[in-house]
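# Overview (structure and organization)
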Amino acid sequence: MQSYEQSLQQTRKFLLEHDDYLVVSHVQPDGDAVSSTLAVGWLLSCLGKKYCMLNEGQIPQRMEYLWHADQIINLSAAGELPRQYSNVICVDCADFQRVGLTQRHFTSDALIVNIDHHPTNNGYGAVTLIKPDAAATAEILFDLLKTFEVEWDIDIATAIYTGLLTDTGGFRYNNTSPKVMAAVSELLALGVNGPELAETLLEEMTLPQVKVLNRALSTLQLSPEGDIAWVYVTPQDMLDCNAANEDLEGIVNYPRNIRGVEVGILFKVIDEHAVKASLRSAGKVDVAALAQVFGGGGHTRAAGARITGSLEEAVAQVLEEVKRHL
């Protein structure tokens, strides 16, 4: 098995030797997925490479300030692209299926570069750059960009900072390592406005976000032992509150933050036959392993999965599995 440094060099070599890339991340992209997509796009533009950035899902509005964010094509809205690509870079996708419908635009013999930090990544692709102890995929890209002779500017610094900020919960989670803070120091020296980004990405709320949070909290339930807490949101809630998927971000932390709770869960009803469960752990339970039981994945303390069945069935299945892990 090759070292991280060898993987960095292998990825560097691939990016230099090929051209005409498709850059994708996971469905319903978060801060790390968006910033990582743009960081790769920025690098490819510096190298004079042709590329297209694509995603199944709209990027969060609060990230529209990022360099060329408007150039990430939302496949859900744009429909099919006119062509396929034989060189593909997947960022922040632990499971190949998480690229969603974008894979329709990979040729059958496409060479895939897999850049990711999830422990549950199964190592798909011709080139893999995976570092499970990295705080974010943006941290890996920070290292990768250092292997190229490109001049950093405020655009790339802001993109990398965004991924680090969001995936560490504002530098509060236990993945906030000395290496992360050293990188942050470099990025701030390049002119990144840390307080402004923290306000925009972590503090500011839209009215629909407040409304859907109110709906979710009204459904709060706890297990008899008080160590599991959960809330749910229905399609009707989303409609009534005029809420988008990004407005659900952070809601799962409310049940998780209750004193004595080991696992907090947000159940988002997709339809009468499917529910998405977002899980957060206080530390005793590896929710990534738990999510894998349902075909999902993620991190030790933050993971998710899609469950087939009604809301009642999903709640019963997930609670049973959480209790087993506890």
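Here the structure is a predicted model, which is why all the values come from computation and not from measurement.

### A few points about the overall build of the chain
If you tally the helices and strands in the chain, you get 12 helices and 12 strands. Overall, the chain is about 60 × 45 × 40 Å in size when its C-alpha atoms are taken along their principal axes. Relative to its 326 residues, the chain shows a buried fraction of 53%. Across the chain, contacts joining residues at least 24 apart in sequence account for 63% of those joining residues at least 6 apart. Of the accessible surface of the chain, which amounts to about 14,800 Å², a share of 48% is contributed by carbon and sulfur atoms. Of the charged side chains in the chain, 24 are positive and 42 negative, and the gap between their average positions amounts to 3 Å.

### Observations concerning the sheet that holds strand S6 (residues 127-130)
Read across the sheet, six strands follow the order S3-S2-S1-S4-S5-S6 without closing on themselves; strand pairing throughout is parallel. Looking at the sheet topology across the chains shown, the edges are occupied by strand S3 (72-74) and S6. Shown here is a sheet whose adjacent strand axes are inclined to one another by a mean of 30 degrees, direction ignored. With three bridges joining them, strand S2 (residues 51-55) and S3 adopt parallel strand pairing. The partner of Met-53 across the bridge, within S3, is Ile-72.

### So, the environment of Val-252
Along the chain, the position of Val-252 falls in the loop between helix H9 (235-240) and helix H10 (253-256). Relative accessible area serves as the criterion here: at 4%, Val-252 is assigned to the buried category. In the structure, Val-252 is positioned 22 residues away from Trp-230 in sequence and 7.8 Å away in space, judged by C-alpha atoms. Residues contacting Val-252, with those up to four places away along its chain left out, are Gly-264, Ile-265, Leu-266, Ser-278 and Arg-280.

### Regarding the nonpolar core
Grouped together as the largest cluster of nonpolar side chains are 53 residues, with contacts concentrated most on Leu-15, Ile-89, Ile-115, Ile-160 and Leu-187. Listed in part, the 23 residues of the second largest apolar core include Val-287, Ala-303, Leu-311 and Leu-319.

### Re unusual backbone geometry
A positive phi angle, close to 65 degrees, is found at Asp-20, a residue other than glycine. Topologically, Asp-20 is positioned in the loop between helix H1 (4-17) and strand S1 (21-24). One non-glycine residue, Asn-242, lies in the positive phi region at around 55 degrees.

### Considering the sheet that holds strand S8 (residues 228-233)
Spatial strand order, S7-S8-S9-S10-S12-S11: six strands in an open sheet with mixed pairing. Of all strands in the sheet, those bounded by a partner on one side alone are strand S7 (221-222) and strand S11 (297-298). Where S7 and S8 come together, two bridges link them in antiparallel fashion. When the bridges of S8 are listed, Gln-221 appears paired with Trp-230. The strands touched by helix H12 (residues 311-325) within the sheet are S8, strand S9 (263-271), strand S10 (274-281) and strand S12 (302-308), with S9 carrying the most contacts at an inclination of about 155 degrees.

### Some points on H12
An α-helical turn contains 3.6 residues, so any two residues separated by three or four positions project in the same direction. With 15 residues, H12 extends 21 Å from end C-alpha to end C-alpha; this agrees with the ideal 21 Å at 1.5 Å per step. Leu-311, Ala-314, Val-315, Val-318, Leu-319, Glu-321 and Val-322 are the residues of H12 that are buried. Seen from one end, H12 has its buried residues packed into an arc of 165 degrees, which puts them on one side. Exposed residues pointing more than 90 degrees away from the buried face of H12 are listed as Glu-312, Glu-320 and Arg-324.

### Considerations on the pairing of S8
For S8, a buried count of five out of six residues is recorded, marking the element as mostly surrounded by other parts of the structure. Once S7 ends, the chain turns through five residues before running back antiparallel as S8, passing Gly-226 with a positive phi of about 75 degrees.

### Focus: the environment of Leu-16
With respect to the secondary-structure elements, Leu-16 resides in helix H1. Separated by 17 residues in sequence, Leu-16 and Ala-33 place their C-alpha atoms 23 Å apart. If sequence neighbours within four positions are ignored, Leu-16 has contacts with Leu-47, Lys-49 and Phe-148.

### Quick look at H1
With 14 residues, H1 should reach 20 Å at 1.5 Å per residue; the first-to-last C-alpha distance of 20 Å fits that figure. Those residues of H1 that fall on the buried side of the exposure criterion are Tyr-4, Ser-7, Leu-8, Thr-11, Phe-14 and Leu-15. Along the long axis of H1, the arc covered by the buried residues comes to 130 degrees, so they all point the same way. Buried residues belonging to H1 abut S1, helix H2 (31-46), strand S4 (85-91), strand S5 (106-116), S6 and helix H4 (137-146).

Cut-offs used in this document
- Residues numbered from 1 in each chain as written.
- Predicted model: local features only at pLDDT ≥ 70, side-chain atom pairs only at ≥ 80, totals over all residues.
- Heavy atoms only, no water.
- Helix = DSSP H or I, 4+ residues; strand = E, 2+ residues; numbered from the N terminus.
- Buried < 20%, exposed > 50% of the residue type's maximum accessible area, 1.4 Å probe, protein only.
- Contact = heavy atoms within 4.5 Å.
- Areas by Shrake-Rupley, 256 points an atom, 1.4 Å probe, with all protein chains shown as cover.
- Lys, Arg positive; Asp, Glu negative; His and termini not counted.
- Charge placed at Lys NZ, Arg CZ, Asp CG, Glu CD.
- Pairing = 2+ DSSP bridges.
- Axes fitted to C-alpha atoms, helices over the stretch in contact; angles between N-to-C directions.
- Core = buried A, V, L, I, M, F, W, Y, C linked by side-chain atoms within 4.5 Å.
- Expected span 1.5 Å × (residues − 1).
- Arc of directions from axis to C-beta.

By themselves, these figures tell us nothing about what the structure is for.
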